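# Commentary on secondary and tertiary structure
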Amino acid sequence: MAEKAVKLSTYIWECNDRKGNKTMGEVSSDNIVVAKAQLRKQGIVPTRVKKKPVPLFGSRKKKITPFDIAVFTRQLATMMQAGVPLVQSFDIVADGVDNQSLRELVLDIKNEVAAGNSFAAALRRHPRHFDDLFCNLVDSGERSGALETMLNRVANYLEKSETLKKKVKKAMTYPVAVLIIAVIVTGILLIKVVPQFKELFAGFGADLPAFTMFVIGISEWLQAWWYLVLAGIIGTIFAFREARFRSEPFANLVDRTVLKIPVMVDILEKSAIARFARVLSTTFAAGVPLVDAFDSVAGATGNVVFREAVLKTRDEVSTGVQLQFSMKTTGVFPTMAVQLVAIGEESGALDSMLEKVADHFEEEVDNAVDNLTTLMEPMIMAVLGVLVGGLIIAMYLPIFQMGNVV
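These figures come from a predicted structure and were not determined experimentally. (Residues numbered from 1 in each chain as written. Predicted model: local features only at pLDDT ≥ 70, side-chain atom pairs only at ≥ 80, totals over all residues. Heavy atoms only, no water.)

## Some remarks on the pairing of strand β1 (residues 9-16)
Formally: Relative accessibility decides the category of a residue: with a 1.4 Å probe and only protein chains considered, values under 20% of the type maximum give buried, values over 50% give exposed, and everything between is partly exposed. By the criteria applied, helices consist of DSSP H or I runs no shorter than four residues and strands consist of E runs no shorter than two, each listed in order from the N terminus. Criterion used throughout: strands pair if DSSP finds at least two bridges between them.
Of all eight residues in β1, seven are buried, a share of seventy percent or more. Sheet analysis places β1 next to strand β3 (residues 48-51), joined by four bridges and oriented antiparallel. Following the sheet pairing, E14 is matched in β3 by R48.

Structure, rendered in structure tokens:
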């Protein structure tokens, strides 16, 4: 069992430079003695070191995002390729980090490595930020004596992966945000604006059009039960997230369903293929056996349809079937991807061909997202026009009818 990570504190130090000017800075360490020792190693002779005071109501630390891990890996790879020792690289990276949580994570890993543990073992103590694929690749790099090369490959993989995720999120977020705005605007009109017209219509002394009565009825119901509607929306979202997290059959059903949405299917399929090719290329280039690499690849695809296809491919490849044939029999990989894999197998350059597949489909995802954004603009105008325009017509229809009578 791994030992509990040491909690680091931030210390403020002061010293005088060669010209006698006062200089201040911060350093993170286990205690004040270690902090002073770290400063002396850097050639700093502090005149004063004190623990940084904690705000009265505490400070909320920033979360460590996957993008932060990608930047950390890239910086570490750059340092090691420049010939900087691993432990010293941790100090340099930590000093340039603004995120306190990430700084503490880097320094904790540094302390583990400085204590004699392997880099991969230190990373495995933080499974929330470093998955099995990351740890296994680092472990492979340490064993082969090419850690800097492996870190560079991992950094490339993480950067490409995060860029792809952002593109897919952009495509998914845009229509959802528009739908939320449309619902909010419609709710405000029904609760605040329609009742004003209702009071105006009460003095007409004539029957209102059926469409107007229908809208007024919705407005009255929403005014009386708006809190139930709001609770229902929040409860549905929460229940959906919990069900998808806790129930594998439900999560699989959602994955299969989203692949049937006409607008989104193209983006989701291409992004899954790009992730499949990127992870397989990275692991295979790192010297991981092809069959063993499929376990990491299956989890990286992000969809149960492609995960099952990858596992089926793994089973067939383990029996001696060529990768290109096993991919083709699944029916989910496009012909172009299969053909490039076939060329890679025949030429002995499978990793480079898989990288070309990943690059191609990542570019396809980028183009698909741009096309979706362009396509959604007129659709957004149409949806907002129907909702808002319909309410306006319903409110002004009685006034138009009175004008015709007069």
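Moving on from the coordinates now.
## Thoughts on the packing of aromatic side chains
The following threshold applies: Pairs were defined over the aromatic rings of Phe, Tyr and Trp, the Trp ring being its six-membered one, requiring ring centres within 6.5 Å. Orientation was assigned from the angle between planes: stacked under 30 degrees, edge-to-face over 60, tilted for the rest.
The tally for this structure, following the rule as stated, stands at eight aromatic pairs. When the ring of F306 is compared with that of F333, the centres are 6.4 Å apart and the planes differ by 75°; the resulting orientation is edge-to-face. Remark: F333 occurs in the loop between α13 (323-330) and α14 (335-347) and F306 occurs in helix α12 (residues 304-318); sequence separation between them is 27 residues. Residue F333 is classed as buried on the basis of its relative accessible area of 9%. One aromatic cluster is present, built from ring pairs that chain together F72, F130 and F134.

## Focus: the environment of K62
Where we set the bar: Contacts were defined at the residue level, with two residues in contact if any of their heavy atoms lie within 4.5 Å.
Its place among the elements puts K62 in the loop between β3 and α2 (66-81). Its relative accessible area of 56% is what places K62 among the exposed residues. Setting aside residues no more than four positions away along its own chain, K62 makes contact with N99 and S101.

## Comments concerning the sheet that holds β1
Short version of the rule: Angles here are taken between N-to-C directions and fall from 0 to 180 degrees, while the axes themselves are lines fitted to C-alpha atoms, restricted in helices to the stretch in contact.
Taken in spatial order, the three strands line up as β2-β1-β3 in an open sheet, and their pairing is antiparallel. In this open sheet, the two strands that pair with only one neighbour each are β2 (22-29) and β3. Within this sheet the neighbouring strands show an average axis-to-axis angle of 20°, counted without direction.

## Quick notes on a nonpolar patch on the surface
Let me state the cut-off plainly: Each patch groups residues whose relative accessible area exceeds 30% and which form no salt bridge, using 9 Å between like charges and 5 Å between nonpolar side chains of Val, Leu, Ile, Met, Phe, Trp and Tyr. The protein chains shown are the only cover counted for residues, whose accessible areas, like all others here, come from Shrake-Rupley with a 1.4 Å probe. The salt bridge criterion pairs a side-chain nitrogen of Lys or Arg with a carboxyl oxygen of Asp or Glu, the two atoms within 4 Å.
The grouping of W221, W225, W226, Y227, L228, L230 and I234 at the surface amounts to a nonpolar patch, some 760 Å² of accessible area in total. Among the structural elements, I234 can be located in helix α8 (residues 210-246). Given a relative accessible area of 52%, I234 falls into the exposed group.

## With respect to the pattern of salt bridges
Tallied over the full model, the rule gives 11 salt bridges. Salt-bridge contacts for E159 lead to R74; the nearest nitrogen and oxygen are separated by 2.9 Å. Here E159, found in helix α7 (residues 147-202), pairs with R74, found in helix α2; they are 85 residues apart in sequence, far enough to count as distant. Of the charged contacts in the structure, one is a salt bridge between E112 and R125, with a shortest N-O distance of 2.4 Å. Here R125 lies in the loop between α5 (119-124) and α6 (132-144) and E112 lies in helix α4 (residues 100-114), a separation of 13 residues in the sequence.

## Section: the packing of helix α3 (residues 86-95) against α4
The test is simple: Roughly parallel means an angle under 35 degrees; roughly antiparallel, over 145; roughly perpendicular, 65 to 115; everything else is oblique. By the definition used in this description, the sense in which the near helix is turned from the far one sets the handedness, with an anticlockwise turn below a right angle giving left-handed and a clockwise turn giving right-handed. Only Asp, Glu, Lys and Arg are considered charged, only Ala, Val, Leu, Ile, Met, Phe, Trp, Tyr, Cys and Pro nonpolar, and every remaining residue, Gly among them, polar.
Closest axis-to-axis distance for the α3/α4 pair is 9 Å, and the angle between their directions is 165°. Comparing the axis directions of α3 and α4 gives the class roughly antiparallel. As α3 runs across α4, the sense of the crossing is left-handed. Contact with α3, carried on its side by L86, V87, F90, D91 and A94, involves R103, V106, L107, I109, K110, V113 and A114 of α4 and no other residues of that element. Among the residues making up the contact of α3 with α4, the classes are represented as nine nonpolar, no polar and three charged.

## Re empty space enclosed by the protein
Rule in force here: Using a grid of 1 Å spacing that covers the protein atoms alone, one calls a set of points a cavity when a 1.4 Å probe fits there but cannot get out, and a pocket when the set is open and has protein on both sides within 12 Å along at least five of seven lines; lining residues are those with an atom within 4 Å of a point. Grid points are joined across faces, edges and corners, and a volume is the space filled by probe spheres set on the points.
Across all of its chains, the model carries one cavity of 30 Å³ or more by this definition. Within this model, the largest cavity holds a volume of roughly 40 Å³. Y157, K160, S161, L164, A274, R275, R278, V279, A300 and E362 are the residues that line the largest cavity. Across the lining of the largest cavity, the residue classes break down as five nonpolar, one polar and four charged.

## Considerations on the nonpolar core
The criterion, for reference: In this text, buried Ala, Val, Leu, Ile, Met, Phe, Trp, Tyr and Cys residues form a nonpolar core when linked through side-chain atoms within 4.5 Å.
Counting residues in hydrophobic clusters, the biggest one holds 79 residues, and the most contacted among them are F90, I109, F119, F130, F276 and L280. Top element by residues in this core is helix α15 (residues 350-405). It accounts for 12 residues. Beyond its immediate sequence surroundings of up to four residues, F276 is in contact with F294, V297, T301, V310, M327 and F333. One finds L190, V194, I216 and M395 within the second-largest nonpolar core, a separate group that totals 10 residues.

## Observations concerning the environment of N111
Mapping N111 onto the fold places it in helix α4. Residue N111 is classed as partly exposed on the basis of its relative accessible area, which comes to 26%. In this structure, the C-alpha to C-alpha distance between N111 and D98, residues 13 residues apart in sequence, is 19 Å.

## Description of the confidence of the model for the chain
Inclusion rule: Confidence of the predictor in every single residue is expressed as pLDDT, which spans 0 to 100.
When pLDDT is averaged along the chain, the result is 81, and 93% of the positions lie at 70 or above. Averaged over each element, pLDDT in the chain is lowest for β2 (73) and highest for α14 (89).

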